[in-house]
Amino acid sequence: MKISARFIFAASLATFCLAGPVRAQTVSNRPAGTRRPSIVLIVADDLGYGDLGCYGQARIKTPNLDNLAAEGMRFTSFYAGSTVCAPSRATLMTGRHTGHVRIRGNGAVPLQPEDRTLAEILKESGYRTGAFGKWGLGEEGSTGVPGKQGFEEWFGFLNQVDAHNYYPTFLNRSDLQGTERRVELRENLNGQKGRYADDYFTEAGLNFLREYQPARFNQYRPVFLYLPYTIPHANDELGQKTGNGMEVPGDAPYTNETWPQVEKNKAAMITRLDKYVGMLMAQLKMLKIESNTVVIFTSDNGAHKEGGVNPGFFQSTGPLRGIKRDLYEGGIRVPLIVWWPAKIKAGAASDLPLAFWDMLPTFAGVAGAAPPGGIDGISFLPTLLGEPQVQRHEFLYWEFHENGFKQAVRMGDWKAVRFGVDGPLELYNLREDIGEKHDVAAGHREVVEKIETYLKTARTSDPNWPVKTARQTPKKEYDLN
């Protein structure tokens, strides 16, 4: 089956890596739009807190994202929903943290009809909704597929293991008619590497913006475009065979660097992702909708140590301890950039502690919609608008079920980590010790007791995610990279 004409890109993507940075904000005499803005949400896969220039990266080139941050708002205490992809994306879509969300690990548990998603809320509010990339919240034929969770258009990987392959032979598609099908990618059949998966997603996103631009319709309808890319996740299976699972068409612009090849590839993947962002910003400018669009960029968890890479090579976690699958800061603190030229002052920054589950109420608020009850998120729309943020979290909570049960809590400047429900609570003062090197629990018993009291009610039990009471021995080293 061929991809429909909707997904045929007018200009070849083959030369996009040669382009320079695209300026995100443009000079325009048009007044800021008074209608509800369109929303573009871009989520990287396993991108670390320190992988972007605007977050301290010195060697990997990310000019478009750096420019986005310079013209928008950069958050320095923002957290993913989990330390691996599926539960993190579930918290993003539902506004519930991992103590309450249905999907708490990388298992085959789909979203259900009663799970109200961000896409459903925006669709019901009049938005056209499209998603292109990696889903991970429901397999073929399940209740969790994007077409049954609020997305009118979908093209990408449903299965997160399939998403390890950057040259897939098929992707899943659903459309306005509710038809679900597999689309064969002939360019990649018989071992060929004809088209890169994330090129497809960028192409689809650009066409979605063009196809549904408000100017083409008599009645104004903003769009919600969700782009959950797979970069820079490793192709784990390829990495096991070759030692280099960082699959990318070429290592430019790092070909002449003396780095290990796997690190060149990783850097090239991240720069490629940055170019995608530049292309999307150029599309908004070309369609003359940039003045009334919100663009959000983040990552689903911290940097990984897979496919042969060493996250310490580029200092991908910055000053943070831990990596993917840890509940220390390096596993869950991620970049967040929000660009909204009509509302956000250029060069703004915030250290307000927030997490993925805050996205739903915030962007429901942007759309003028009410979020559902019973969620854990708060709206940080006031912060985006430069207004006082009255509503704040007393606690942020995470749990993780691989290799023994773990919990983490942030309370103000305090961060607690516990291995097993009966394990001792580690306590860190993030303002003084962002690297979580010094456990100060013994000297702050009142803080420990307050967090332990909170932990008694922080989660609900779920038969899909049973809690193992045995203690897990935590890693002893502080530099977990």
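Residues numbered from 1 in each chain as written. Predicted model: local features only at pLDDT ≥ 70, side-chain atom pairs only at ≥ 80, totals over all residues. Heavy atoms only, no water.

The secondary structure content of the chain amounts to 10 helices and 16 strands. Compactness check: the chain gives a C-alpha radius of gyration of 21 Å against a globular reference of 23 Å for 481 residues, within 12% of the reference. For the C-alpha atoms alone, the extent of the chain along its principal axes is close to 60 × 50 × 45 Å. The buried share among the 481 residues of the chain stands at 61%. Taking contacts inside the chain between residues at least 6 apart in sequence as the whole, the part at least 24 apart equals 69%. Surface accessibility of the chain: about 18,400 Å² in total, with carbon and sulfur atoms responsible for 50%. Taken as two groups, the 56 positive and 54 negative side-chain charges of the chain have centres that lie 4 Å from each other. (Helix = DSSP H or I, 4+ residues; strand = E, 2+ residues; numbered from the N terminus. Rg over C-alpha atoms; globule rule 2.2 N^0.38 Å. Buried < 20%, exposed > 50% of the residue type's maximum accessible area, 1.4 Å probe, protein only. Contact = heavy atoms within 4.5 Å. Areas by Shrake-Rupley, 256 points an atom, 1.4 Å probe, with all protein chains shown as cover. Lys, Arg positive; Asp, Glu negative; His and termini not counted. Charge placed at Lys NZ, Arg CZ, Asp CG, Glu CD.)

Here we come to the sheet that holds strand β10 (residues 336–339). Spatially, β7-β6-β5-β4-β8-β1-β9-β10-β2-β11 is the arrangement adopted by the 10 strands of the open sheet, whose pairing is mixed. At either margin of the open sheet sits one strand with a lone partner, and together these are β7 (180–184) and β11 (348–350). Mean inter-strand twist for the sheet, computed between neighbouring axes without regard to direction, equals 15 degrees. Bridge analysis of strand β1 (residues 38–44) against strand β9 (residues 293–299) gives seven bridges, and the strand direction is parallel. Looking across to β9, one finds that Ile-39 is bridged to Val-294. Docked against the sheet, helix α2 (residues 85–94) engages β1, β4 (128–134) and β8 (223–228), running at close to 170 degrees with respect to β8. Of the strands in this sheet, β1, β8, β9 and β10 are in contact with helix α6 (residues 261–286), which crosses β9 at around 170 degrees. (Pairing = 2+ DSSP bridges. Axes fitted to C-alpha atoms, helices over the stretch in contact; angles between N-to-C directions.)

It is worth spelling out the pairing of β10 at this point. With burial as the criterion, each face of β10 is covered, one bearing Leu-336 and Val-338 and the other bearing Ile-337 and Trp-339. Pairing geometry for strand β2 (residues 73–75) and β10, over three bridges, is antiparallel. Considered in β10, the bridge of Phe-75 is made with Leu-336. Pairing of β9 with β10, which is carried by four bridges, proceeds in the antiparallel orientation. Paired with Thr-298 across the bridge in β10 is Leu-336.

Moving on, we come to unusual backbone geometry. With an omega of -5 degrees, the peptide bond running from Ile-231 to Pro-232 counts as cis. Mapped onto the secondary structure, Pro-232 falls in the loop between β8 and α5 (236–242). Of the consecutive residues Ala-252 and Pro-253, the connecting peptide bond is found in the cis state with omega at 5 degrees. Residue position: Pro-253 is located in the loop between α5 and α6. Despite not being glycine, Asn-403 has its phi angle at roughly 55 degrees, a positive value.

What follows covers the sheet that holds strand β13 (residues 396–400). Strand order in the open sheet formed by four strands is β13-β14-β15-β16, and the pairing between neighbours is antiparallel. With partners counted over all chains shown, the strands left at the sheet margins are β13 and β16 (425–429), one partner each. Each strand axis lies, on average, 15 degrees off the axis of its neighbour in the sheet, ignoring direction. By the bridge criterion, five bridges tie strand β15 (residues 414–419) to β16 in an arrangement that is antiparallel. When the bridges of β16 are listed, Trp-414 appears paired with Asn-429.

Moving on, we get to helix α4 (residues 197–211). Counted at 1.5 Å a residue, the expected span for α4 with its 15 residues is 21 Å, and the 21 Å between its end C-alpha atoms agrees. In terms of burial, α4 is a largely internal element, 13 of the 15 residues being buried. (Expected span 1.5 Å × (residues − 1).)

Turning our eyes to something else, we now look at the confidence of the model for the chain. In this model, the chain carries a mean pLDDT of 91, and residues with pLDDT of at least 70 account for 90%. β7 is the least confidently modelled element of the chain, averaging 95 in pLDDT, while strand β3 (residues 78–79) averages 99, the highest of any element. A low-confidence stretch, residues 1–33 (pLDDT under 50), is modelled with 70 contacts involving residues beyond four sequence positions or located in other chains. Contacts from residues 477–481, a stretch scored under 50 in pLDDT, to residues over four places away or in other chains number 17 contacts. (pLDDT = per-residue confidence, 0-100.)

Taken as a whole and judged by the stated rule, the model has 26 salt bridges. In this structure, the salt-bridge partner of Glu-306 is Lys-324, at a minimum N-O distance of 3.6 Å. One end of the pair, Glu-306, is in the loop between β9 and α7 (329–332); the other, Lys-324, is in the loop between β9 and α7, and 18 residues separate them in sequence. There is no split in this pair, since Glu-306 and Lys-324 are both buried. One salt bridge in this structure joins Lys-415 and Glu-436, with 3.1 Å as the shortest N-O distance. On the criterion of sequence distance, the pair formed by Lys-415 in strand β15 and Glu-436 in the loop between β16 and α10 (445–455) is long-range, its members being 21 residues apart. Both residues of the pair, Lys-415 and Glu-436, belong to the buried class. The network of salt bridges with common partners includes Asp-46, Glu-306, Lys-324, Arg-325 and Glu-402. (Salt bridge = Lys/Arg side-chain N within 4 Å of Asp/Glu carboxyl O.)

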